[in-house]
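Next come the chains, spelled out residue by residue.
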Amino acid sequence: MRNNLPPGDRPLPFRFLTVASSFQQESVFRPHGLGMHQILAVTGGSGLLRIGGQTHPLRRGCAFYTDPVVPHDYEDGGGLTTAWLTFEGAGVSPLLAHYGDPPFVLYTQADTDALAAQLAAIEAEYCGERREAVLSAMTYDFAARFFGAGSAHTCTPLDAVARYMEQHYTEPLTAAQLAARYASSVSKFCADFRARFGCTAFEMILRLRLQYAADLLATGSAVPVREIALRCGFADAAYFCKAYKRAFGETPTQTRRAAAGGQFPLDNVRLRLKTWG
């Protein structure tokens, strides 16, 4: 839905441009960015997001922001549904500055149902009374809540480390690096992390890497298993295959074959991954 209301002589600080609370997402390619600020939430299905030289799996619970000029593209991997908002206005820059001017933000465990509900409320206001000041306030509130969810002001130091891991799990990570971000000794970091999340930091990293691998395989990617292992942060393909089978009860090749046959194994393997340890 596109906002056709004229901005007026005194434009409000936030103005939504397009909004959708439920959308069957097609694949898009944006080599020069979208040209407007966008927040997108994945409400179903699966896909891939490519941005900044990295590929991220998209599934229910993922939500991301892109700056107007950041090149990116996303690919429908099967039944990808989204909810999104694009916006502009003089108030956008001060809000982004408050959160460190991020050109790109990705959450992998967002409440995307709640985000879609907020966007549905914006749609309803636009289709109903169309109060421009109310729409501006609702757009600001949506963006502020989105960025605030990942702000250092609203999460603990351990939460900040976990979010860092979610963004960098395909890279080599050491306990010393993570402990330094927590500003503690390795032993204290490891003990505090287990107490907070119920697993070790490297168990969490392993699960993130394995889930990424499952998402890549389930999209029907023809990339060799060895290359998928490297992309997901595994230096040893044999270890990757062993860990994958232990987590999911099937080999990477079996997951790929099931996806190619239209069996959509992702929901099942995700359930097994949550209970594996």
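Residues numbered from 1 in each chain as written. Predicted model: local features only at pLDDT ≥ 70, side-chain atom pairs only at ≥ 80, totals over all residues. Heavy atoms only, no water.

Undergrad: Mind showing me how you'd approach the pattern of salt bridges here?
TA: Two side chains carrying opposite charge are able to pair once their charged atoms lie near each other. According to the stated counting rule, one finds 10 salt bridges in the structure shown. For Arg131, the salt bridge goes to Glu129, with nearest N and O atoms at 3.8 Å. Given a relative accessible area of 38%, Arg131 falls into the partly exposed group. Judged by its relative accessible area of 59%, Glu129 falls in the exposed class. Glu227 is paired through a salt bridge with Arg231; the nearest N and O atoms lie 3.6 Å apart. Of this pair, Glu227 and Arg231 both sit in helix α8 (residues 225-231), 4 residues apart, which is roughly one turn of the helix. A residue is classified by how much of its surface remains accessible, and Arg231, at 38% relative accessible area, is partly exposed. If you follow the salt bridges from partner to partner, you end up with Arg15, Glu88 and Glu132 in one network. (Salt bridge = Lys/Arg side-chain N within 4 Å of Asp/Glu carboxyl O. Buried < 20%, exposed > 50% of the residue type's maximum accessible area, 1.4 Å probe, protein only. Helix = DSSP H or I, 4+ residues; strand = E, 2+ residues; numbered from the N terminus.)

Undergrad: I tried to follow the confidence of the model for the protein chain on my own but got confused; where do I start?
TA: One rule of thumb: low pLDDT means the predicted coordinates there are not for detailed reading. On average, residues of the protein chain carry a pLDDT of 85, and 88% of them reach 70 or more. In the predicted structure, residues 264-277 sits below a pLDDT of 50 and forms 31 contacts with residues beyond four places in sequence or in another chain. (pLDDT = per-residue confidence, 0-100. Contact = heavy atoms within 4.5 Å.)

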